Amino acid sequence: KVKRPEQGVLDERSSADPFYRADTEDLQALLRPLFATSWLIDDFMADSDFFGARTLLLSSASSKTAYATAWCLAQRAGIEVIGLTSPANVAFCE
């Protein structure tokens, strides 16, 4: 069996990752990039001193990226996070 070059990179990356678990690989492949995006939004907003705002409004609050962004922002003192979502998704967001 011939191994493609990118397989070696992925194998090395997952073997060095303390949070990697083969049984959740599909979820990690989906959620990690979204969490990275959320973290970058949080970091950008903090670097910009939230453009003077102390309340942030997130639309589509039940989306994975908005949900993770809300979690990141909630870790910061003095920032209120408000999420907008459809009535069907309110329970998920609470």
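What counts and what doesn't
- Residue positions are counted from 1 within each chain, in the order its sequence is given.
- Selection of residues for local features in this predicted model requires a pLDDT of at least 70, selection of side-chain atom pairs for listing and counting requires 80 or more, and totals for whole chains, interfaces and linings are taken over all residues.
- Here the side-chain values reflect all heavy atoms present in the structure, with hydrogen atoms and water set aside.
- Every definition here rests on a 1 Å grid over the protein atoms only: cavities are sets of points where a 1.4 Å probe fits but cannot get out, pockets are open sets enclosed by protein on both sides within 12 Å along at least five of seven lines, and lining residues have some atom within 4 Å of a point.
- Grid points are joined across faces, edges and corners, and a volume is the space filled by probe spheres set on the points.
- What counts as a helix is a DSSP run of H or I of at least four residues, what counts as a strand is a run of E of at least two, and both are numbered from the N terminus.
- Ten residue types, Ala, Val, Leu, Ile, Met, Phe, Trp, Tyr, Cys and Pro, are classed as nonpolar, four, Asp, Glu, Lys and Arg, as charged, and the remainder, Gly among them, as polar.
- Exposure is judged per residue with a 1.4 Å probe applied to protein chains only, and the accessible area is read against the type maximum: over 50% gives exposed, under 20% gives buried, and values in between give partly exposed.
- Two strands pair if DSSP finds at least two bridges between them.
- Note on handedness: a clockwise path from strand one over the helix to strand two, with the strands aimed away from the viewer, defines a right-handed crossover.
- As a rule, the C-alpha atoms of each element are fitted with a line to give its axis, helices using only the stretch in contact, and angles between N-to-C directions run from 0 to 180 degrees.
- Each angle is binned into one of four classes, with values under 35 degrees roughly parallel, values over 145 roughly antiparallel, values of 65 to 115 roughly perpendicular, and all other values oblique.
- In this scheme the crossing of two helices becomes right-handed for a clockwise turn of the near helix relative to the far one and left-handed for an anticlockwise turn of less than a right angle.
- Every residue pair with non-hydrogen atoms within 4.5 Å of one another is taken to be in contact.
- Between 30 and 60 degrees the pair is tilted, below 30 it is stacked and above 60 it is edge-to-face, where a pair is any two Phe, Tyr or Trp rings, Trp via its six-membered ring, whose centres lie within 6.5 Å.

Asker: Describe in detail the layout of surface pockets, supporting the description with residues and values.
Answerer: Taken as a whole, the second largest pocket encloses approximately 210 Å³ of empty space. In terms of lining residues, the second largest pocket is bounded by Leu58, Ala61, Ala66, Tyr67, Ala70, Trp71, Val81, Ile82, Gly83, Thr85, Val90 and Cys93. Those elements giving two or more residues to the lining of the second largest pocket turn out to be helix H3 (64-74), strand E2 (80-83) and helix H4 (90-93). No other element matches the four residues that H3 contributes to the lining of the second largest pocket. Counted by class, the lining of the second largest pocket contains 10 nonpolar, two polar and no charged residues.

Asker: Kindly report on the environment of Ala77, identifying the contributing residues and their values.
Answerer: Residue position: Ala77 is located in the loop between H3 and E2. The class for Ala77 is exposed, based on a relative accessible area of 78%. Remark: the alpha-carbon pair of Ala77 and Arg54, spanning 23 residues in sequence, is separated by 9.7 Å.

Asker: If you had to explain the pairing of strand E1 (residues 55-58) to someone new, which residues and values would you point to?
Answerer: Only one face of E1 is covered, namely the face carrying Leu56 and Leu58; the face carrying Thr55 and Leu57 is uncovered. In this sheet, E2 lies alongside E1 in parallel orientation, the contact comprising four bridges. Residue pairing for E2: Thr55 is matched across the bridge by Glu80. In this view, the connection linking E1 to its parallel neighbour E2 by way of H3 has right-handed handedness.

Asker: Could you give an account of the packing of helix H2 (residues 25-47) against H3, naming the residues involved and the relevant values?
Answerer: Two elements in contact, H2 and H3, have axes whose closest approach is 8 Å; the angle formed by their N-to-C orientations is 50°. The orientation of H2 with respect to H3, classified from their angle, is oblique. Seen along the crossing, H2 lies across H3 with a hand that is right-handed. From H2, Leu30, Leu31, Leu34, Phe35, Thr37, Ser38, Trp39, Ile41 and Asp42 reach across to H3, where they touch Lys64, Thr65, Ala68, Thr69, Trp71, Cys72 and Leu73.

Asker: So what about the packing of aromatic side chains? Which residues, and what values?
Answerer: For the coordinates displayed, the defined rule picks out three aromatic pairs. Residues Phe35 and Trp71 carry aromatic rings whose centres are separated by 6.3 Å and whose planes lie at 55° to one another, so their mutual orientation is tilted. Taken together, the residues Phe35 in helix H2 and Trp71 in helix H3 connect sequence positions 36 residues apart. Using a relative accessible area of 37% as the deciding quantity, one classes Phe35 as partly exposed.

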